[in-house]
Amino acid sequence: MTLPTWKDLLTDRLAPALAEEIDIYETQIELRRQGKLDEKIFAETRLRRGVYGQRYDSGQRHDGVDTRTLTYPSGGLTKGPTTMWDAPGMQRIKVPFGVVDAAQLETLADLAEEYSDAIVHVTTRQDFQLHFVHLEDTPSLMRRLAAAGITTREACGNTVRNVTACPRAGVCTDETFDVTPYARALAYYLLGHKDAQDFGRKFKISFSGCADNACALAYMHDIGLVAAVRADNGGAPKRGFAMYVGGGLGSVPYQAKLFYEFVAEDELLPVAQAICRVFARLGEKRNRARARLKFLVAKLGLDEFRRLVEEERKIIPLDERWSSYLDDLHTTDETPSRPSEAPTEASAGPTQSPAFSRWRSTNVLAQKQPGYVMAVVCLPLGDITSRQLRALAAIARKYNDGHLRTTVDQNFVLRWIAERDLAVLHGDLAAAGLALPGASTLVDITACPGTDTCKLGISSSRGLASELRRRIEARNFQLDDAVKDLQIKISGCFNSCGQHHVADIGFYGVSRKVGNRTVPHFQVILGGQTERNAAAYGLATLAVPSKAIPDAVERLCGLYVREREKGESFQALIARVGKARVRELLEDLTRVPAYADDRSYYSDWGDPREYTIGDIGIGECAGEVVSLVEFGLAASERIAFEALDDLEGGKPETAAAKALRAMLQAAKAVTQIQNIDVGDDPAQIVGEFKTRFHDTGLFNDPFAGPKFANYFFHAYEEPLERTTIEAAHQRIEEAQLFIEAAHALYNRTTSAS
């Protein structure tokens, strides 16, 4: 008896387009396994579905598990053998603007147990990640996520990444207006949009409801949007956004520049689309190190970039979606499920316990709606277990109708909590191990995966974060008021996934040679600022051995406690005393003892082995640049492969139809060399291809002349009256020759450029 697969079980629960998309991805896995799909294209394909490779040399993870021997059985209802080719990797799960519900958390809990290590990781882009996932399991995983309303599409790759937004949107006391519906509109408008598929690198967007807080970090994004209201000529106030462009962290951080003081709400989508089109056309494609939007803005200058965007905006075909979402901005509204005034069971709760008081002082935030508050669920290292996820889902259902949001500092926020319920809520969270105090304080450290799983990790960011948290907690949170709200952010390398540039005290992993051994170090970054949407970036001061970093943190905090002036921020103190003074303060910590005297310096946090760089190599934040044309041609080959499959399965009519589809796809792909706006209408594709490539002779083969183009026109203009096996076979052969000619044209075009 053959057990049903998840594809069988979920057919009726997925939108047809989404189901087809995952089916295509599954076919691409098989094509790659057979060597029929180029590795460069497959890598970018799986990355655009959020599927990464990961490293395995890191020894013990922060929880003591040996990552070198971690293996997990295939999940789901059917199992298959595992090969070295599909060794476990990482699955990123996209959560636009951080909004998630209780049912989705329960799905994530199931998937983490069945396909991963029963841990879900919250990222600094409000996403989720599962580690140690087998490639062969990813289609089933994606189907189950899709059935719960979650996508992995464009979670990675050279695309628009997850659109982030303030997790307080709609309830924040400081916001201009709720940015949630706007973030939703732009996120789903650009998801899969053809104008956002031809980038040289990733592209990040953020929405903030105000200019002063740190909830969305708008100024470090390719496009940062800050809510604004303007009344022209005494008219009614109109919503819009201050738009910033060209921000980004990475190894060389750039502050976003003010692009427009005000973009009206009905122009938000088309202006963002125009920016994407200019970036796709003019952004660097060959040198990945210079391929972000920030470099294009710097190269052209802000004024010239603005001129190009405005010219592009004029020629974009009209799209009704630009304004249709404005008809109902309340689709994203949340409402309380428990009244704020009525007495509840919380009236008998332990409202005066020290644990509750400490948690309330750091983890509870006011809402602008009277009687309601937000409660932050603090997650060390951004990790939460499957058991805790299920408990959190039940808690959310009980107190706020199942609504949650993730944050850029790797936590959850429960909104619309009746103040009267706080004590009992705290008790429920404590029972699940989710009532840790200290949200957004010194102990709430942000850290990227680092050497635990990332191929680019140099030093153990998670191991260091765990040790720093342990030492701070050992003081029972009895910190001087001056330092308790400082932010620490840690990256395992210079790429700033832990956002170290915008921390009060930031670190990124490096290494140093001491004698004939390598020692893990961290560069100390000072002068950054998360407030005012990441208003300032820090700079490296000096490199300190990893094992001495906790002492460095203690000294820096001590300096601030002793020498700050009234009302002086940490950044202002560092600027006043100067980097030379800081170097002097930390200089002795840079010395590494001899190996014979203290071997601990020669291993990293959480790993007892002697430190080596390990299997550091090419990271998978994004694949090689694959153009729209290459993607289109790969798709045409896949469709031709499916046609051959249908022919062998005795379905000649379907096979012949797919052969024509394959030719149309190839024609569309090459037409995009000259016309990015060519649509999906077959008549338009044929007409554009004929005018631009057949009539001009550009498509002619050096030996066959226009023959292959004529195969295409004949197939389109004269459908088969009676589709025999032989006729379908011939049509597939013609499609394959046409696709080869399209490849040749593309190769000639790129060689000439």
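Use the structure listed above.
Thresholds, definitions, all that
- Residues numbered from 1 in each chain as written.
- Predicted model: local features only at pLDDT ≥ 70, side-chain atom pairs only at ≥ 80, totals over all residues.
- Heavy atoms only, no water.
- Core = buried A, V, L, I, M, F, W, Y, C linked by side-chain atoms within 4.5 Å.
- Buried < 20%, exposed > 50% of the residue type's maximum accessible area, 1.4 Å probe, protein only.
- Helix = DSSP H or I, 4+ residues; strand = E, 2+ residues; numbered from the N terminus.
- Contact = heavy atoms within 4.5 Å.
- Axes fitted to C-alpha atoms, helices over the stretch in contact; angles between N-to-C directions.
- Parallel < 35°, antiparallel > 145°, perpendicular 65-115°, else oblique.
- Nonpolar A, V, L, I, M, F, W, Y, C, P; charged D, E, K, R; others polar.
- Arc of directions from axis to C-beta.

(A) A look at the nonpolar core. Membership of the largest hydrophobic core comes to 64 residues, with the highest contact counts inside it found for Leu 105, Phe 128, Leu 392, Phe 412, Leu 414, Leu 425 and Leu 429. For this core, the element with the highest residue contribution is helix α4 (residues 102-115), accounting for seven residues. Contacts of Leu 429, omitting those with residues within four sequence positions, involve Trp 359, Val 377, Leu 392, Ile 395, Leu 434 and Ala 435. Among the nonpolar cores identified, the runner-up in size contains 48 residues, and Val 163, Tyr 182, Leu 268 and Cys 276 belong to it.

(B) Up close: the packing of helix α3 (residues 39-48) against helix α19 (residues 628-648). Their axes nearest at 11 Å, the elements α3 and α19 cross at an angle of 95°. Judged by the angle between their axes, α3 and α19 are roughly perpendicular. In this structure, α3 contributes Lys 40, Ile 41, Glu 44, Thr 45 and Arg 48 to the contact, and α19 contributes Glu 630, Phe 631 and Ala 634. For the contact of α3 with α19, the residue count by class is three nonpolar, one polar and four charged.

(C) Molecular detail of unusual backbone geometry. The phi angle at Leu 217 is positive, at roughly 55°, despite the residue not being glycine. Its place among the elements puts Leu 217 in the loop between β7 (205-208) and β8 (223-230). Located in the positive-phi region is Ala 534, a residue other than glycine, with phi close to 65°. Locating Ala 534 in the fold gives a position in helix α15 (residues 531-534). Residue class for Ala 534 comes out buried when judged on its relative accessible area of 0%.

(D) Summary view of the packing of helix α7 (residues 268-282) against helix α8 (residues 293-300). For the pair α7 and α8, the least separation of the axes is 11 Å and the interaxial angle reads 85°. Classified by the angle between their axes, α7 and α8 sit roughly perpendicular to one another. Counted together, Ile 275, Val 278, Phe 279 and Leu 282 of α7 and Leu 293, Leu 296 and Leu 300 of α8 form the full contact between these two elements. Grouping the amino acids of the contact of α7 with α8 by side-chain chemistry returns seven nonpolar, no polar and no charged.

(E) View of helix α22 (residues 707-717). All buried positions along α22 are accounted for by Phe 708, Ala 709, Phe 712, Phe 713 and Ala 715. Across the axial projection of α22, the buried residues extend over an arc of 165°, all falling on one side.

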